[in-house]
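Take a look at the letters that make up each chain.
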Amino acid sequence: MKDLKEKITALKAEKNAVILAHYYVSPDVQEIADYVGDSFYLAKIAKSSDAETIVFCGVEFMGESAKILSPEKTVLMPDASADCPMAHMASAESVLEMKKKYSDLAVVCYINSSAELKTVSDVCVTSANALKIVNALPNENIYFIPDKNLGSFVRKNSDKNILLNEGWCPIHNNITAESVKKLKNKHPCAKVLMHPECTEDVLSCADYIGSTSGIIEYTEKSPEKEFIIITEIGVIYELQKRNPNKKFYFPEPLPVCADMKKITAEKVYSCLRDNLNKVEIDDKTREKALIPLNRMLELAR
Ligand code: 13P
Ligand code: SF4
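Attention here is on the structure that accompanies the text. The residue count restarts for each chain, going from 1 along the sequence in the order it is written. Throughout, the order in which chains and ligands are written sets their labels, letters from A for the former and numbers from 1 for the latter. Note on the predicted model: pLDDT of at least 70 is required for a residue's local features to be given, and 80 or more for side-chain atom pairs to be given and counted; whole-chain, interface and lining totals, by contrast, use all residues. Side-chain numbers come from the whole structure's heavy atoms, not from hydrogens or water.

### Examining the sheet that holds strand E5 (residues 106-110)
Counted only if it meets this: DSSP bridges decide pairing: two strands pair if at least two such bridges lie between them. Here a strand is any run of E in DSSP of at least two residues, a helix any run of H or I of at least four, and the numbering for each starts at the N terminus. Under this scheme, a helix contributes an axis fitted over its contacting stretch, all axes are lines through C-alpha atoms, and angles between N-to-C directions fall in the 0 to 180 degree range.
If you walk across this open sheet you meet the 4 strands as E6-E5-E7-E8, and the pairing is parallel. Two strands bound the open sheet, and with one partner strand each, they are strand E6 (123-125) and strand E8 (161-164). Strand-to-strand twist across the sheet, computed as the mean angle between neighbouring axes with direction ignored, equals 30°. Examined bridge by bridge, E5 and E6 share 3 bridges and lie parallel to one another. In the strand pairing of E6, Val108 is matched with Val123.

Structure below.
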């Protein structure tokens with residue numbers, strides 16, 4: 001691993017490259033990354049970095065968003081098959097249908113979506129800013145795609161008329177309220193922190209609901225010593241790094257995103273060495289998809 005790390009460092013310098021990683025990728029990949037964060041943070045880094053090449057350790061929509069925001073950069077994916085199933089769980093046709101029904105409709109698109117879906121959307125959001133952005137929109141009617149769970153969390157906390165789409169994260173949607181209650185019984189003093197991709201039923205057991213970054217920051221600021229963490233297991237690496245003396249409990253079965261776990265340090269090395277899996281987006285798609293992404297960056301400020 002030390003050898004591989006040194007080889008990656010040398011290649012990064014040679015190619016003026018940076019490595020971005022989401023909190024859900026494996027610890028050894030997070031360890032070699034220059035920036036680790038949630039989807040929102042990584043999108044901002046992808047736009048502002050002055051590196052010529054970005055290696056994006058994450059799933060397809062993350063690499064696509066980086067390329068849309070920074071078309072002049074080379075964006076490489078360590079594994080071209082790492083994709084988020086939810087990113088494809090809505091259709092441009094359903095958006096057009098909904099637009100016919102509501103004249104003032106705003107299409108709010110979770111960043112976990114294909115570039116094609118972004119082209120028919122008014123604004124993107126991430127789990128870190130969805131509520132703030134929806135509330136800032138002048139529109140009364142909001143079509144929230146693709147995640148019904150994040151959408152219903154926003155609906156609960158907003159006065160807008162939020163129309164939901166049948167899409168979900170297979171990992172978070174599978175977590176049951178029973179598994180959370182079991183943990184609460186076992187660790188009655190632990191604070192319960194959750195990602196808003198969980199179902200409404202599960203979210204009703206939370207003390208705090210936020211993005212992966214929000215969850216991690218909560219544990220750092222809190223005087224509490226024990227936390228029940230209801231999101232993908234990858235966050236454990238950063239949680240333990242920042243809080244070596246605190247305890248973290250995850251539900252059973254462990255929430256694991258198989259697509260995020262496809263990224264390995266070896267694949268990071270080979271994609272950087274051979275310029276593999278370049279993200280390519282045609283100009284028309286890129287220009288249209290840039291509008292909702294830029295609007296997100298503006299409204300989240
Ligand atoms: P955040 O990065 O916004 O916390 O979202 C989690 C996620 O599912 C990314 O795929
Ligand atoms: Fe998609 Fe869920 Fe994996 Fe995130 S955890 S990338 S939402 S499948």
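### Thoughts on the site of ligand 2
Threshold: Being near a molecule or strand, for a residue, means having at least one of its heavy atoms within 4 Å of it. Only protein atoms enter the 1 Å grid used here, on which a cavity is any set of points holding a 1.4 Å probe that cannot leave and a pocket is any open set flanked by protein within 12 Å on both sides along at least five of seven lines; residues with an atom within 4 Å of a point are listed as lining. A molecule is counted as occupying a cavity or pocket when more than half of its atoms fall within 2 Å of that pocket's grid points. Charged residues are taken to be Asp, Glu, Lys and Arg, nonpolar residues to be Ala, Val, Leu, Ile, Met, Phe, Trp, Tyr, Cys and Pro, and polar residues to be all remaining types, Gly included.
The local shell around ligand 2 consists of Tyr24, Val59, Cys84, Pro85, Met86, Asn112, Cys169, Pro170, Ile171, Glu197, Cys257 and Met260. Using a 2 Å cut-off from the grid points, one finds that ligand 2 occupies the largest cavity. Here the shell around ligand 2 is built from residues that sort into 10 nonpolar, 1 polar and 1 charged.

### Description of the site of ligand 1
Formally: Think of a polar contact as two N or O atoms within 3.5 Å of one another; within protein, one of them needs to be a possible hydrogen donor and the other a possible acceptor, and neighboring residues in sequence only count if both atoms come from side chains. Surface accessibility follows the Shrake-Rupley procedure with a 1.4 Å probe radius. Residue values consider only the protein chains on display as shielding.
Near ligand 1, the surroundings consist of 14 residues, among which His22, Ser39, Ser127, Glu197 and Thr212 are the closest. Within the side chain of Ser127, an N or O atom sits 2.6 Å from an oxygen atom of ligand 1. Across the complex, the protein chains shield 96% of the 300 Å² of accessible surface that ligand 1 would expose by itself. The site holding ligand 1 turns out to be the largest cavity.

### Observations regarding empty space enclosed by the protein
Over the atoms rolls a probe the size of a water molecule, and its path tells where empty space is left. Here is the rule we go by: Grid points are joined across faces, edges and corners, and a volume is the space filled by probe spheres set on the points.
By the definition in use, this model includes 2 cavities of 30 Å³ or more. Counted as a void, the largest cavity has a volume near 220 Å³. Lining the largest cavity we find 23 residues, and of these Tyr24, Cys84, Asn112, Glu197 and Met260 sit closest to its centre. Broken down by secondary-structure element, the contributors of at least two residues to the lining of the largest cavity are helix H4 (60-69) and helix H9 (170-173). In terms of residue count, H9 provides more of the lining of the largest cavity than any other element does, 3 residues in total. Class assignment for the residues of the lining of the largest cavity results in 13 nonpolar, 7 polar and 3 charged. A volume near 50 Å³ is recorded for the second largest cavity. Lining the second largest cavity are Ser39, Leu42, Ala43, Phe56, Phe61, Met62, Ser65 and Ile111. Those elements that place two or more of their residues in the lining of the second largest cavity are helix H3 (39-48) and H4.

Interpretation in functional terms is not warranted from these geometric data alone.
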